[in-house]
Amino acid sequence: MATSLHSNQISAGQEHAPGGSQNPVLVTKDSYEELEEDLSLDVDQSRPRHASGVIAEIVESRQHSEVDSNQNNAAVDYPATDQQVKGITADTNHLSLGDGQLTDESEVFVEEEEQRLRSGSVLQTVEKTKPAVVEEDIHSAAWKKHKKHIFILSEAGKPIYSRYGNEDKLVTLMGVIQALMSFVQDDKDSLRSVVAGGHLIVFLLRQPLMLVAASSTGESQQQLFLQLRYMYNQILSVLTHTQLNRIFEQRRNYDLRRLLSGTERFLNSLADLMDSDPCFLLTAVRGLPLDNTVRDVIGQSMQSAKVKDLVFAILIADGQLVTLVHMKKYILHPADLHLVINLLKASTSFETSDSWVPLCLPNFDSSGYLYSHISYLDDSPACLLLMTVDQMAFKEMENCKQKILEKLKKHNCLAAIKDSVKRGSYTCQEVGISELRHFLYKNKSTAQFTAPSWGAPYSDPAEQERLFSLYRFVHQKVHNPARPLKILFYVGSHESALGWITSGFELYAVFSPLTTKQVAILAVNKILKWIKKEEERLFILNPPEY
Amino acid sequence: MAGTNINGVVRSTSVTGEFYDFACKVMLIGDSGVGKTCLLVRFKDGAFLSGSFISTVGIDFRNKIVDVEGTKVKLQIWDTAGQERFRSVTHAYYRDAHALLLLFDVTNRHSFENIRAWVSEIHEYAKDDVVVMLLGNKCDMTSERCVKREEAEKLAKDNKIPYMETSAKSGLNVDLAFVAVAKDLQMKKTRRPNDPKFSVLEYVDQQKQVPSKCC
C-alpha cells in the first residue's frame, strides 16, 4: 500500500537542510534531470553531452600565467603563444595511439587473428586466461539465473563486455541486440526499453557503443539507464571520448577489447558496486565521519602542499571521502568521484606502490586525461590521489605527496582516519529513535550523503540486499518522471518506508511494518535534528581551494 | 645529510632514512601478461604472486637498495602496464630511465615477436646510453615453452644486448638481472678513464644460471 502525503504535514523547512554548505566540493546537479536532458538529445547531437575542453583551458591558463610572469623580461608575442598552447593542448590529448599507427597495428592484428583462427588456437588462449571458471553461455541455467545482465557492444555488433559469461560465446546475442537497435534507429527513432516477462531490458545508444541491461530486480528504466551511463563512463575513463570516436571512425569493426584489456575488472566491480552501494542511487558521496578540526587540518595540509597544475587532490579511505581540494574554478562531479572510488576498490595494486595513472573523468573533460598520482599513505587505509594536467609531473606529485604525508603524520591525522575506518559508520541506535531501522540522507547542496551501518535486522547480506531494493523502489516512486512525489509513505510486509524530497535534501527512512505515518513523520524530524547536530562530523562543509 | 664513501660518491639518505650512494631509474617494459610485476615483487619482497592475474594500471613505482661491492645503489623501479593504451604515458618516462629491463614470456610466442617493436621504441624514446637487458620470463614452465633459448639469444646478440632467462616463480636469475644493471650503472658512474671497462654482457654470461631441462 502506498500513500502520498501533503508536505505541509512536515514542518522542517528546506533552508535548514542539515549538512548544507554554500561552497560545495561536488557538482550538485540532479542526476535525473541530467538523464532527461541526456536522453532528449538526438543521436547526432552528441556534442553537448560530453564535457570537453576543460583540460585545454587549464593548460592554456598555465601558458598565460607563464607569459604574464615573463612580461617584464621580454615583449610578448601572443600569436606564437597561442600556437604553443595549441601544441600543448594537442599534447595533453595525445592518446596512446598515433593516427597512422592505429591502422597499421590493427591491420596486423586482424592478420594475427585470422592466423589464430586458422590454427584453432583461439580457444586455447581463452582457456589459458581463465582456467578455473566454468564458461557460462546463453543456454546454461546459471547464466539465465543472474538478476542483472549488462552487455556492451560496438555499433557493428562486436562484443565488448558481458557481465556474466564470456562475450565470445554471446556473439549471437550481441547480433540480436544490434539488429533490434539499428532496426529502430533506421526510422530515426530510438529503442529505450522492452518488458519481457519479469525482465526489463533497457537499451542505451552511445555512439559508437551500444549498452544493454536486462534486469529482473524491479529497478526502473531510469535507474538502469543511469547504471548503463556509469558503465559507459567507465569505458571513457580508460579511453577518453576522443580516442573512442577516433578508433571507430578509422575502423568500424574494431575489436575494442584489445584496448580495454585489463579493465573488465573495473567494469565488473562497478556493476557489483552499483547493486550494493547507495551512492550511485543518490548520486552522492559519503564522507568519512571525522572530527571537523581533524578534517580541517587535513584539508589545510593538502592545500599548503600545492604544486603547479594540480587540479584535484582527493583523500579517500574505505570508499569514503575524507576531503578534497580543488582548483578554484573546477569542481568535481560525484559520478566522476564514483569512478575513482571504484578504481581503488577494484585494484589491489595501488596498495603496494605509488602509481601514475592516466584517468579521464568524463563529466570533467571527456576529451583528455588527468594524470593521477595514487598512493596509500604509510600503509594506512587513506589513499591520496593527486590529479594534474601535466603528464610529466610524476616527480612533482611525488614530492607533493611527501609533504602532505609529513604534515598528516605530524598532526596525527592518519591515526584518526584509521580509527574512523575501523569504527565504521555510526549505528542506528546512536541516533536514538526506537522505531527507526535504517535511513539514507542526502544533502543536495553538497551532493553528500550519510547512512548508519547495517545493524540488526540487516546484518545478513541477503537482508541488506532486500533493504537496498526497498530503497530503490521508494526512490524510483518519488523520482517517477511522469508523477514526481514529494513524500511517500510505503507499508510493506517486512517494513514501512518513508521517502521525502525537498529542494535541500532527500531522506529515505525505514521503520518496522506497524509504524504509523504520524510516528514516522515525528521520527524523520528527529533524524534531521540529529544530523544537524552531527553535520560537521558527517559532511565535508568547508573544502579548501587552491 | 651527506657523507662521502670510499668511491668518492656523495652519500644521501632516502625518505625512509636508508643510506644510499646513488640512485638510478630502472624501468620494466614488455607486453601485457609477461610477468613484469611478478618479477619485481620477487626481487623486492622475495615472494611470488600466484593465482589471479593482476594487471598494472599506468605506472607503479617502487624502491629497493642493492649493495654493489660496497656501494649502495638505490634502484627506483618503474613497473609499467603492458597494455597499448598506456604507451603514451610510459614513452614519456623512457627518457628518464637509466636502465630498461625488456621482458617477454617464453611460453607466449607473440610477446617474443613484439620484442623487435619494443627495441625500436627504446631507440626512439630512451636515452642513447641507456642500459638494456632482455629477459625471457616464466622459464620454469618448460612444457609450455614455445620460444627457444637459442632464438632469444640470437635476437639479443643482433641487438647487442645481454639476454637471460628468468623465473619470477622460482626466483631464477631475478636478483642477478637487477644487480647486473646496478653494477653496470655503478661502473659507469665511478669508473676512472684508465679502469678496465665493465661489460654487462660478459658479467651476465658468467653469472647467469641456465634453467635445467628436466622437470
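The structure presented is a predicted model; accordingly, all values stated were derived computationally and were not measured.

In terms of helices and strands, chain B carries seven helices and nine strands. Counting all 215 residues of chain B, 53% fall into the buried class. Looking at chain B alone, contacts between residues at least 24 apart form 71% of all its contacts between residues at least 6 apart. Surface accessibility of chain B: about 9900 Å² in total, with carbon and sulfur atoms responsible for 50%.

Before going further, it helps to examine the confidence of the model for chain B. For chain B, the mean per-residue pLDDT works out to 86, and 87% of the residues sit at or above 70. Across residues 1-9 of chain B, where pLDDT falls below 50, the model places 18 contacts with residues more than four positions away in sequence or in other chains.

Glancing now at the nonpolar core. Formed by 60 residues in total, the largest nonpolar core has its most connected members in I298, L315, W356 and I417 of chain A together with F104, I122 and L134 of chain B. Residue contributions to this core peak at six residues, all from helix α16 (residues 394-410) of chain A. Of all hydrophobic cores here, the second largest spans 59 residues; its members include L239, C279, A335 and L339 of chain A.

Right, let's talk about helix α20 (residues 517-538) of chain A for a bit. All names here are of chain A. When the terminal C-alpha atoms of α20 are compared, their 28 Å separation across 22 residues is substantially less than the 32 Å that a helix rising 1.5 Å per residue should span. Largest kink in α20: about 45°, centred on K532. What α20 keeps buried is the set A520, I521, A523, V524, N525, I527, L528, W530, I531, E534, E535 and L538.

Take the pairing of strand β5 (residues 59-68) of chain B next. Relative to β5 of chain B, strand β10 (residues 354-359) of chain A is paired through three bridges, and the arrangement is antiparallel. Residue pairing for β5 of chain B: S355 of chain A is matched across the bridge by D60 of chain B. Bridge count for β5 of chain B against strand β6 (residues 71-80) of chain B is 10 bridges, and the pairing is antiparallel. Across the sheet, D60 of chain B pairs through a bridge with D79 of chain B, a residue of β6 of chain B.

All right, on to the state of the cysteines then. Residue and element names in this part refer to chain A. Taken as a whole, this structure holds zero disulfides over all chains when the rule is applied. With no disulfide of its own, C279 lies closest to C383 among cysteine sulfurs, the gap being 16 Å. Classification of C279 by relative accessible area gives buried; the value is 7%. Just so you know, C383 is unpaired, no disulfide at all, and the nearest cysteine sulfur is the one on C400, 14 Å from it.

Reading the values: the criteria
- Residues numbered from 1 in each chain as written.
- Chains lettered and ligands numbered in written order.
- Predicted model: local features only at pLDDT ≥ 70, side-chain atom pairs only at ≥ 80, totals over all residues.
- Heavy atoms only, no water.
- Helix = DSSP H or I, 4+ residues; strand = E, 2+ residues; numbered from the N terminus.
- Buried < 20%, exposed > 50% of the residue type's maximum accessible area, 1.4 Å probe, protein only.
- Contact = heavy atoms within 4.5 Å.
- Areas by Shrake-Rupley, 256 points an atom, 1.4 Å probe, with all protein chains shown as cover.
- pLDDT = per-residue confidence, 0-100.
- Core = buried A, V, L, I, M, F, W, Y, C linked by side-chain atoms within 4.5 Å.
- Expected span 1.5 Å × (residues − 1).
- Bend = angle between axes of the 7 residues up to and from the residue.
- Pairing = 2+ DSSP bridges.
- Disulfide = S-S within 2.5 Å.

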